[in-house]
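Next come the chains, spelled out residue by residue.
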Amino acid sequence: MATLRGYMAGGLVVSHLSLWAFLGCMLLENSNVAAASHTVNPCCYYPCENSGVCVRFGTDQYQCDCTRTGFHGENCTVPEFWTWIRLTLKPNPSLVHYLLTNFQWFWDLLNNTFLRDIVMRFVLTTRSNLIPSPPTYNTEYGYLSWESYHNLSYYTRLLPPVPEDCPLPMGTKGKQILPDPKVLARRFFKRRTFRADPQGTNLMFAFMAQHFTHQFFKTNNKTTGFTKALGHGVDASNIYGDTLERQHQLRLHKDGKLKYQLVDGEVYPPTVSYAPVYMKYPEAHPPEQQLAIGHELFGILPGLTLYATLWLREHNRVCDILKAEHPTWDDEQLFQTTRLIIIGEIINIIIEEYVQHLSGYFLNLKFDPTLLFKERFQYSNRIALEFCQLYHWHPLMPDSFIIDGDEVTYSQFFYNNSLIMHYGVEKLVDSFSRQVAGQIGGGFNSHEVVLKVAEMTIEESRAARIQPFNEYRKKFNLRPYTSFYEFTDDLEMAKGLQELYGHIDALEFYTGVMLEKARPNAIFGESMVEMGAPFSLKGLLGNPLCSPEYWKPSTFGGETGLNIVKEATLHKLVCHNSRWCPYVDFRVPGKESKLTPRKPPTEL
């Protein structure tokens, strides 16, 4: 019995000890779990510099993959010898911009020599090399995956998303809650007094920007990071439709032409009753005023309808030229070849006039695909979400529209395509070319009617977890800002942003590119130029039309078609397709043009 009692007592002691050991283990395990849950993902600190890739190991370890960055070291900060030489000799972006926008006498001489091609090739390669090809990330995958490459439904991403497990929305800096988008839009985006663009940008440019980019910017607002566009580049789907079914509804199916209607003897887009495609008009909008255009949203602004009309007329004009040279070609070949010519014309006008105007360079930019034929260059493109974000240039829009001396308010302008038929193409072109657009950079210049777009863009960027503005500055070889007082010249804005974000490294990408102080006498700030230009030039020159396989006369039906592409200008687009030739340019008259004077269009 004593033995039994001793055994039982010993058993109780063991049981108690086991219980305490068990509880101790549980506490220790729970403390480890708690510690693990509070361990910050080291990649949230963005430790890898110079395009190094952060890879997490365990819970609190990381490695930076510096492969082919030209740097080594724990955080890819130590330059290799040739990288150090290159960086030592390389001028900073501000100096390069200064050189390209000054010393006109020097550039006038260079533009007439073989050196122009050398400089242009250098501009194209250095800009394009900043954009990875093939694509890398998307909103779903912050690491390389086959899905990121293969799934064209996603916008690609230049930088991976902010890791989901970071302690703060933008990583490890800033405030726990990001500012209300509506507050940001009202305090820093909303126009106080219209501020004209000092470069003289006009509404002809503003509407071209919208018409051109909406062939590849088609965000699917129902799913973060997705695009509804079937193409990822210049495919003229804004003219021909983005599906084969829509294209066939818009086609005349005779002589390669597109459908049209005649109003007072002038060609305009057809109505939806004749070309039954889906167009987004207000429910009560009269059917006879609903025009059928390649893009379903282009009925909203007469400026977009104007460009739709010009390209419709140009397409049918080129069809007549090709038919005269190739009487044996059927409707399909005439249409397909004309479409290639139109795409070529678009790329030429965008590079030599549109990008030229934006850059402010005295170097005359040149559209010549052969400049890259001996370079390592991939003829493909994927539209990046960051490119779509930075291209929201709504400050361009004025307070009202002045057409042939008449003031037209927004309520009179929206969905009012009767304006183009009332005034005619010529007067609209002339009026839009003479009315100055707003300055994009610097903030405080977005009209009330477009503030909602800014709010939606900010919300979209947060849903996609786009990395902070300064991380993109680094990616594009720009020095990150150290304070909001360096970022903007406006003291009120600097104080407000500091109050709302808490730290410059927490400033959001879209807010950054839009509010950054503009360069002197320029339309926007340094970041917009240095980030936007690589996306733009890679997309334009990465078009298959610019490849050695496509860039030859036979692609365009012979030398005549190729010459239409090579000699395309905004002036020709308008004056070949109107009754009389109005003033047409991307800048208002009175602003000294930095473009080489062009000869007036001649009949082909």
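Everything that follows concerns the structure shown earlier in this document.
Computed from a prediction, not measured in an experiment: that's the story for all the values here. Residue numbers here run from 1 along each chain, matching the order of that chain's written sequence. pLDDT decides what is reported in this predicted model: residues at 70 or higher carry local features, side-chain atom pairs at 80 or more are listed and counted, and totals for whole chains, interfaces and linings draw on all residues regardless. Side-chain metrics in this entry use all non-hydrogen atoms of the structure; hydrogen atoms and water are not considered.

**Let's talk about the pattern of salt bridges**
Point 1. Basic side-chain nitrogens of Lys or Arg form a salt bridge, by our definition, when they fall within 4 Å of a carboxyl oxygen of Asp or Glu. For the structure on display, the rule yields 33 salt bridges.
Point 2. In this structure, the salt-bridge partner of Arg157 is Glu386, at a minimum N-O distance of 4.0 Å. Of this pair, Arg157 sits in the loop between helix 6 (146-150) and helix 7 (181-189) while Glu386 sits in helix 13 (residues 385-390), and the two are 229 residues apart along the sequence.
Point 3. Per-residue accessibility, obtained with a 1.4 Å probe over protein chains only, is compared with the maximum for each type, and a residue is labelled buried under 20%, exposed over 50%, and partly exposed between these values. Take Arg157: its relative accessible area is 1%, and that puts it in the buried class.
Point 4. A relative accessible area of 1% places Glu386 in the buried class.
Point 5. For the salt bridge of Lys474 with Glu471, the shortest nitrogen-to-oxygen distance reads 3.2 Å. With Lys474 and Glu471 both in helix 17 (residues 469-475), this residue pair falls 3 residues apart, about one helical turn. Secondary structure elements follow DSSP: runs of H or I no shorter than four residues count as helices, runs of E no shorter than two count as strands, and numbering proceeds from the N terminus.

**Re helix 15 (residues 418-434)**
Point 1. Between its first and last C-alpha, helix 15 extends only 21 Å over 17 residues, short of the 24 Å set by a 1.5 Å rise per residue.
Point 2. Here the bend at each residue means the angle between axes fitted to two seven-residue stretches, the one ending at that residue and the one beginning there. If you look at helix 15, its biggest bend is around 100 degrees, right at Gly424.
Point 3. Most of helix 15 is tucked away: 12 of the 17 residues are buried.
Point 4. All of the buried residues in helix 15 are Leu419, Ile420, Tyr423, Gly424, Val425, Glu426, Leu428, Val429, Asp430, Ser431, Phe432 and Ser433. What a helix is expected to span follows from its residue count: subtract one and scale by 1.5 Å.

**A word on the nonpolar core**
Point 1. Counting residues in each nonpolar core, the largest one holds 148 residues, and the members touching the most others are Tyr354 and Trp393.
Point 2. Tallying contributions element by element places helix 12 (residues 331-359) first for this core, with 13 residues.
Point 3. Of all hydrophobic cores here, the second largest spans 5 residues; its members include Cys48, Cys64, Cys66 and Phe71. To qualify as a nonpolar core, a set must consist of buried Ala, Val, Leu, Ile, Met, Phe, Trp, Tyr and Cys residues joined through side-chain atoms within 4.5 Å.

**A word on the pairing of strand 1 (residues 53-57)**
Point 1. DSSP bridges decide pairing: two strands pair if at least two such bridges lie between them. As judged from the 5 bridges shared by strand 1 and strand 2 (residues 61-65), these two strands associate in the antiparallel manner. Paired with Cys54 across the bridge in strand 2 is Cys64.
Point 2. Counting the residues in the hairpin turn of strand 1 and strand 2 gives 3 residues, including Gly58, whose phi is positive at 60 degrees.

**Some thoughts on the environment of Trp105**
Point 1. Mapping Trp105 onto the fold places it in helix 4 (residues 104-110).
Point 2. Classification of Trp105 by relative accessible area gives exposed; the value is 59%.

**Some words on the side chain of Lys218**
Point 1. With respect to the helices, strands and loops of the structure, Lys218 is situated in the loop between helix 8 (203-213) and helix 9 (237-240).
Point 2. Should any heavy atoms of two residues lie within 4.5 Å, those residues are counted as being in contact. Residues in contact with Lys218, not counting those within four places in the same chain, are Tyr155, Phe226, Thr227, Lys228, Ala229, Asp242, His295 and Glu296.

**As for the environment of Ile351**
Point 1. Following the sequence through the fold, Ile351 ends up in helix 12.
Point 2. On the basis of relative accessible area, Ile351 is assigned to the buried category, the value being 1%.
Point 3. Separated by 16 residues in the primary sequence, Ile351 and Phe367 place their C-alpha atoms 6.3 Å from one another.
Point 4. If sequence neighbours within four positions are ignored, Ile351 has contacts with Gln356, Leu365, Lys366, Phe367, Leu540 and Leu541.

**Examining the packing of helix 7 against helix 16 (residues 451-463)**
Point 1. At a closest axis distance of 9 Å, the pairing of helix 7 and helix 16 adopts a crossing angle of 130 degrees. With respect to each other, helix 7 and helix 16 are oriented oblique. The element helix 7 and its partner helix 16 pack so that their crossing is right-handed. Taken together, the residues of helix 16 that come into contact with helix 7 (itself represented by Pro181, Lys182, Leu184, Ala185, Arg186 and Phe189) are Leu451, Ala454, Glu455, Ile458, Glu459 and Arg462. Where helices are involved, their axes are fitted lines through C-alpha atoms of the stretch in contact, as for all axes, and angles between N-to-C directions lie from 0 to 180°. Should an angle lie under 35 degrees it is considered roughly parallel, over 145 roughly antiparallel, and from 65 to 115 roughly perpendicular; all remaining angles are considered oblique. When the near helix sits turned anticlockwise from the far one by under a right angle, the crossing is termed left-handed; a clockwise turn instead gives a right-handed crossing.

**Notes on helix 21 (residues 526-541)**
Point 1. Over its 16 residues, helix 21 runs 23 Å from end to end, which matches the ideal 22 Å to within 8%, given 1.5 Å per residue.
Point 2. Gly532 marks the point of greatest bend in helix 21, at about 25 degrees, and the proline Pro534 comes within the next four residues.

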